[in-house]
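Residue strings, one per chain:
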Amino acid sequence: MDAANESSEGTPFILPGLTTNPGKQRLLFVLFLVLYVGGILGNGLIVAAIRASPALHAPMYFLLAPLSFADLCFTSVTVPKMLANLMAPDRSICLAGCLSQMYFFFALGVTDSCLLAAMAYDRYVAIRHPLHYATRMSRAVCTAPVGTAWLVSHIHSLLHILLMAHLSFCASHQVPHFFCDHQPLLRLSCSDTRHIQLLIFTEGAAVVVTPFLLILASYGAISVAVLRLPSASGRLRAVSTCGSHLAVVGLFYGTVIAVYFQPTSQYEAERGRVATIMYTVVTPMLNPVIYSLRNRDVQGGLRALFSGRRISAGDS
């Protein structure tokens, strides 16, 4: 191990966060605390309601539970540290802590991506093949994408972290971000980062762009089916639901692609921080509202959860 690496291992990284203005720090602390608590409560309640209510053991909710759990963990990887840094004078993080944060951030982000694709396919089958929905989306069929999502995401994350761990950081250790993210760390490295950037544009693109294309294809087919519905109210309701789903999906993937799929030399810290907030804080908070809290079955499951009453599938 060279001297630069030894120096980088012993020197902690500094995360200046979103701002150094004390007045803005307090305002941002309150804002993101509210968003974080809202996201944790929303996703946590969805997971608890689905586990507690037999009426919510349909394939759609079997996929929704791991999505909500992944969102809950995803925000918890970055937001608590960001909140602490907004109020504490010490904003340092060691190399091991930085790499650990990156590992779980990438793993949970890719899990989110894969599960969103699985849920889009589930809605496609439900609308295009309603008579065969139970067989096409059986418990075994639903288990496969969930297991695949977790496996692929952790392999993806491990590969990236192993490469990042071999970088030397011999310049400034101040990361212009609120957590340890790929692009700002690469800009601080004095090592050759071309192999990591190549990995981002190849393997990274596969685990992000492929689910995104599958989602677009699924909702494209759903749109064709919706236009054939005989009821105008049914078409309007379906368009409203699909539109809100696509809005969140577009926000998630649009900001992810904008941040990661660009050369490191073109990365702008301020724009990157704003875009990152969209997919680390905003979309995990919106997912419970968009995918479940407007659903009558989920609302019934939440009422049963709070009242202690169990709802059977026939009661929904």
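Residues numbered from 1 in each chain as written. Predicted model: local features only at pLDDT ≥ 70, side-chain atom pairs only at ≥ 80, totals over all residues. Heavy atoms only, no water.

Let's talk about the overall build of the chain
Next, step 1: Across its full length, the chain carries eleven helices and two strands.
Next, step 2: Secondary structure of the chain in N-to-C order comes out as α-β-α-α-β-α-α-α-α-α-α-α-α.
Next, step 3: Taking 316 residues into account, the globule formula puts the C-alpha radius of gyration at 20 Å, and the chain, at 21 Å, falls close to it.
Next, step 4: For the chain, the spread of C-alpha atoms along the principal axes amounts to about 70 × 40 × 30 Å.
Next, step 5: For the chain, the proportion of contacts with a sequence separation of at least 24, taken over those separated by at least 6, is 78%.
Next, step 6: Summing over all exposed atoms, the chain offers an accessible surface of approximately 14600 Å²; the carbon and sulfur share of this is 67%.
Next, step 7: Here the chain contributes 21 positive and 14 negative side-chain charges, whose respective centroids are spaced 16 Å apart. (Helix = DSSP H or I, 4+ residues; strand = E, 2+ residues; numbered from the N terminus. Rg over C-alpha atoms; globule rule 2.2 N^0.38 Å. Contact = heavy atoms within 4.5 Å. Areas by Shrake-Rupley, 256 points an atom, 1.4 Å probe, with all protein chains shown as cover. Lys, Arg positive; Asp, Glu negative; His and termini not counted. Charge placed at Lys NZ, Arg CZ, Asp CG, Glu CD.)

Details of the packing of aromatic side chains
Next, step 1: Applying the stated criterion across every chain, the model contains 13 aromatic pairs.
Next, step 2: Put simply, the rings of Phe74, Phe105, Phe106, Phe178, Phe179, Tyr260 and Tyr279 touch in pairs and so form one group of aromatic residues. (Phe/Tyr/Trp six-rings, centres within 6.5 Å; stacked < 30°, edge-to-face > 60°.)

Brief notes about the side chain of threonine 255
Next, step 1: Tracing the sequence through the fold places threonine 255 in helix α9 (residues 232-260).
Next, step 2: With residues near it in sequence (within four places) discarded, threonine 255 still touches Gly250, Ala275, Met278 and Tyr279.

Things to note about the packing of helix α6 (residues 139-164) against helix α8 (residues 194-227)
The relative placement of two packed helices comes down to the angle between their axes together with the axis-to-axis distance.
Next, step 1: For the pair α6 and α8, interaxial distance at closest approach is 11 Å and the crossing angle is 175°. Judged on the interaxial angle alone, α8 and α6 are roughly antiparallel. Contact residues: Val152, His156, Leu159, His160, Leu163 and Met164 in α6; His195, Ile196, Leu199, Ile200, Glu203, Gly204 and Val207 in α8.
Next, step 2: Residues belonging to the contact of α6 with α8 are distributed by class as follows: eight nonpolar, four polar and one charged. (Axes fitted to C-alpha atoms, helices over the stretch in contact; angles between N-to-C directions. Parallel < 35°, antiparallel > 145°, perpendicular 65-115°, else oblique. Nonpolar A, V, L, I, M, F, W, Y, C, P; charged D, E, K, R; others polar.)

Comments concerning the side chain of serine 157
Next, step 1: Relative to the elements of secondary structure, serine 157 occurs in helix α6.
Next, step 2: Residue serine 157 is classed as buried on the basis of its relative accessible area, which comes to 0%. (Buried < 20%, exposed > 50% of the residue type's maximum accessible area, 1.4 Å probe, protein only.)

Thoughts on the UniProt feature "transmembrane region" (unreviewed entry) in the chain
Next, step 1: In the numbering used here, UniProt assigns the feature "transmembrane region" (unreviewed entry) to residues 27-50, 62-83, 103-121, 141-163, 205-227, 239-261 and 273-293.
Next, step 2: Within residues 27-50, the helical portion is 100% and the strand portion 0%, while the C-alpha atoms at the span's ends are 35 Å from each other.
Next, step 3: Measuring from the first to the last C-alpha atom of residues 103-121 gives 28 Å, for a span that is 100% helix and 0% strand. (UniProt positions renumbered as here; feature names shortened; annotations may be inferred.)

Some words on the state of the cysteines
Next, step 1: Counting across every chain of the model gives one disulfide.
Next, step 2: Cysteine 114 provides the cysteine sulfur closest to cysteine 142, a residue in no disulfide bond, and the two sulfurs are 15 Å apart. (Disulfide = S-S within 2.5 Å.)

Brief notes about the pattern of salt bridges
Close approach of charged atoms allows side chains with opposite charge to pair.
Next, step 1: The tally for this structure, following the rule as stated, stands at two salt bridges.
Next, step 2: The partner of aspartate 122 in a salt bridge is arginine 123, with the nearest N and O atoms 2.7 Å apart.
Next, step 3: The shortest N-O distance in the salt bridge between arginine 194 and aspartate 192 comes to 2.8 Å.
Next, step 4: On the basis of relative accessible area, aspartate 192 is assigned to the partly exposed category, the value being 41%. (Salt bridge = Lys/Arg side-chain N within 4 Å of Asp/Glu carboxyl O.)

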